[in-house]
Amino acid sequence: MSDDARSVGALALVAVAALLVVAPLSGGAAAALTDAGGAVAPLDDADASRDEAAAAAALQSGNETVVHRGENATIVRRGAFSIVDETDRVYSSMEDEPVVANGQVYGVFTGNKLVGDEGEQRFVSALYALDAETLDAEWRVEFETAGLHGRPVVADGTAYVVMYEQGNGTTPDTYFLHAFDAESGERLWKHELGSILYDERTRASDTHGRYHPIYVLDGRVHTLTVDAGRQTMVALDPASGDVAWRQDGVAAGVGTDGERIYVGYREGQNEYDPGAVLALDPATGETMWTRPNGDLYGQQRVSLVANGRVYAARPARLDRDEVGSVHAIDAATGEEIWTETVSGNPRIAITAVYPASETVVGETWSPIDESDVSKIQGIDDATGDTRWAVSDERLRPNWEVYTAERNLYVHSPSGFSVYPGDSLHGPDTDGFFPQPAWTQGYGDFNDIRELAEADGTLYELRMTTTRMAVSAFDASEGDRRYEFEVEGTRPYMTVANDTVYLETAGLIRAYEAVDPGTVPTDVSGSVGDAGPAGATDAPQRVGGATDGGDASTESAMPAALSGTGPLGAPLAVFAGLALGLATSGLLVGRRYRF
């Protein structure tokens, strides 16, 4: 090969290297123009490109960002709120999940701040109200040395929240119900609910469960006092916070159907003292009916109010070889409709009623005897007869039950099974637990954080020690609608108005699934959200059919190497020059026969 030929070859290769340099630079320039609100497009598609650019600019206004593109849906992050950034790290975390109501998202955040002339560090909490679409802060109220008890409730333009002011360890914590104007955050009033030592808080929450009850009915705000023993149902004037009426002796659960308030009443302090279920008029506090225990020992806990009935659970004595019982009471008259014993355990909690199959679902357990295996018990709501009871041995180890309006879900660390509520009773279910309609494995995710069913969609928050993903399924068929990964550790999830709200480490984000055709393809992904998860697993139907989920349409080439990231152009220049010099040097320095 001649020297001239080698020179021509070298020049050609240098030209190729130059093209490798210029192409990424042009890509970077195009990306810069796009980020600045411009558009780069062929002239013959100018009108369509202008429309797409306008849509992209509209989407990127505020906090809106595309975080995942799939065949069935594009996931848009509508907004984000960071309490760490908002308060310059004074607040760092949130208590419990966000509450969505009145077009707002409510959350109570906690932190520490220096107060007083000597700069004493104090524990503080703040109630925030955020715009439900943008997550922009609308107002906040701060509480010193106070923590959340329950969750905020919003009704008739007023936001209510129960907070406790901390004692010093030897003195009790004091609880207050606060009322704020939902639009402005103006404090309307606060009412003291009682005091209790920190170590006795669980005894108070045993009366009402996880959330402190707040019912707004018939022109009254109803809630419970906070005491270690029996508590008092109080009805307050929503304008002033003054007491309208009270009912003492509440010791075993409360509930409402919007017409009456039902409480588990007990005469004495001992849980086996005589008791009854009372129905109270929300406006006056008048007892509308009483259903006493009769010859049974102890109180009846109001476990669930649904389908025109009050389901009350009576615990068995733990010092005797007894099992508990459950009673269905007519909500209007107080007449007992049926009673049934618990399957092998002293405790039961009624978790759901499925009217289409006339099935009452309860979870049974023993608080002291591990040999008493926990069970799910299905009871005929017409007769009170047990249709089936299934235990750990039949299901999966470490299972949990999530009951929703449409389906019953049984989940464990390996996956979950779905049982439609209308199939829980039929020719093949007397004495036998029904077959699931569909099941779902977790793939490379090893645990489930939360399930939520809303408007025919099952939302699932799954996780590993380092990764998390949100999946959405058709609740009836099990077809996966989408899945996307998110950053953070052990978040809370709330679903409202087709929007998924996630909170982790003081950061709230709002995600919405939209039709893929409504979002321009040149809208970039977000900063701070993980990339799309793609289809990692598929629902397994009982009949053997499977359906795949969304597949990612993102490019596999990293942004830095495609010239679109912040380091894209410099790295591409370096790579182009290096490749050009290296290849030209190889071809010029070595002799090849042509």
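Residues numbered from 1 in each chain as written. Predicted model: local features only at pLDDT ≥ 70, side-chain atom pairs only at ≥ 80, totals over all residues. Heavy atoms only, no water.

Draft legend 1. Summary view of the overall build of the protein chain. Scanning the protein chain for helices and strands turns up six helices and 38 strands. A total of 594 residues make up the protein chain; the buried ones form 48% of that total. Considering only intrachain contacts with a sequence separation of at least 6, the fraction spanning at least 24 residues in the protein chain is 47%. Put simply, the protein chain shows about 27600 Å² of open surface, and 49% of that area lies on carbon and sulfur atoms. (Helix = DSSP H or I, 4+ residues; strand = E, 2+ residues; numbered from the N terminus. Buried < 20%, exposed > 50% of the residue type's maximum accessible area, 1.4 Å probe, protein only. Contact = heavy atoms within 4.5 Å. Areas by Shrake-Rupley, 256 points an atom, 1.4 Å probe, with all protein chains shown as cover.)

Draft legend 2. Looking closely at the packing of aromatic side chains. Per the stated rule, a full pass over the model turns up 19 aromatic pairs. Aromatic pair F81 and F109: ring centres 5.9 Å apart, planes at 55°, arrangement tilted. Taken together, the positions of F81 in strand β2 (residues 74-82) and F109 in strand β4 (residues 104-115) put the pair 28 residues apart, joining distant regions of the chain. For the residue pair F81 and F109, the accessibility class agrees, reading buried in each case. Three or more aromatic residues joined by ring pairs form one cluster here, namely Y402, Y409, F416, W438 and F473. Against the face of F176 rests K190, its NZ or CZ located 4.4 Å from the ring centre. (Phe/Tyr/Trp six-rings, centres within 6.5 Å; stacked < 30°, edge-to-face > 60°. Lys NZ or Arg CZ within 6 Å of the ring centre and 35° of its normal.)

Draft legend 3. View of the pattern of salt bridges. For the coordinates displayed, the defined rule picks out 15 salt bridges. Through salt bridges that share partners, E460, R462, R480 and E483 make up one connected network. (Salt bridge = Lys/Arg side-chain N within 4 Å of Asp/Glu carboxyl O.)

Draft legend 4. Summary view of the environment of T225. With respect to the secondary-structure elements, T225 resides in the loop between β13 (220-224) and β14 (231-236). Looking at T225, the relative accessible area reads 10%, which means it is buried. Linking T225 and L177, residues 48 residues apart in sequence, is a C-alpha distance of 9.5 Å. Once you skip the residues sitting within four places of it in the chain, T225 turns out to touch L193, H212, Q231, T232 and V234. At 2.9 Å, the side chain of T225 forms a polar contact with the side chain of D227. Polar side-chain contacts of T225 include one of 2.9 Å to the backbone nitrogen of T232. (Polar contact = N/O pair within 3.5 Å; in protein donor to acceptor, adjacent residues only side chain to side chain.)

Draft legend 5. Spatial organisation of the confidence of the model for the protein chain. With 70% of its residues at a pLDDT of 70 or more, the protein chain has an overall mean of 76. Below pLDDT 50 for its whole length, residues 2-62 participates in 47 contacts with residues either more than four positions away or in separate chains. pLDDT under 50 marks residues 530-594. Its contacts with residues more than four places away, or in other chains, come to 108 contacts. (pLDDT = per-residue confidence, 0-100.)

Draft legend 6. Region of the structure containing the pairing of strand β16 (residues 261-266). When you tally the buried positions in β16, you get five out of six residues, the bulk of the element. Pairing of strand β15 (residues 243-256) with β16, which is carried by four bridges, proceeds in the antiparallel orientation. Counterpart to V254 in the pairing with β16 is V263. Where β15 folds back onto β16 in an antiparallel hairpin, the turn is made up of four residues, including G258, whose phi is positive at roughly 90°. Relative to strand β17 (residues 275-280), β16 is paired through six bridges, and the arrangement is antiparallel. (Pairing = 2+ DSSP bridges.)

Draft legend 7. Spatial organisation of the sheet that holds strand β36 (residues 499-504). The five strands are arranged β1-β2-β37-β36-β35 in an open sheet whose pairing can be described as antiparallel. Single-partner strands in this sheet number two, and they are β1 (65-69) and β35 (492-496). When the angles between neighbouring strand axes are averaged without regard to direction, this sheet yields 25°. Relative to strand β37 (residues 507-514), β2 runs antiparallel, the two being bridged by eight bridges. Considered in β37, the bridge of A80 is made with R509. (Axes fitted to C-alpha atoms, helices over the stretch in contact; angles between N-to-C directions.)

Draft legend 8. Inspection of the environment of Y272 at higher detail. With respect to the helices and strands, the residue Y272 is situated in the loop between β16 and β17. Using a relative accessible area of 17% as the deciding quantity, one classes Y272 as buried. Sequence separation between Y272 and P315 is 43 residues, and the spatial gap between their C-alpha atoms is 8.8 Å.

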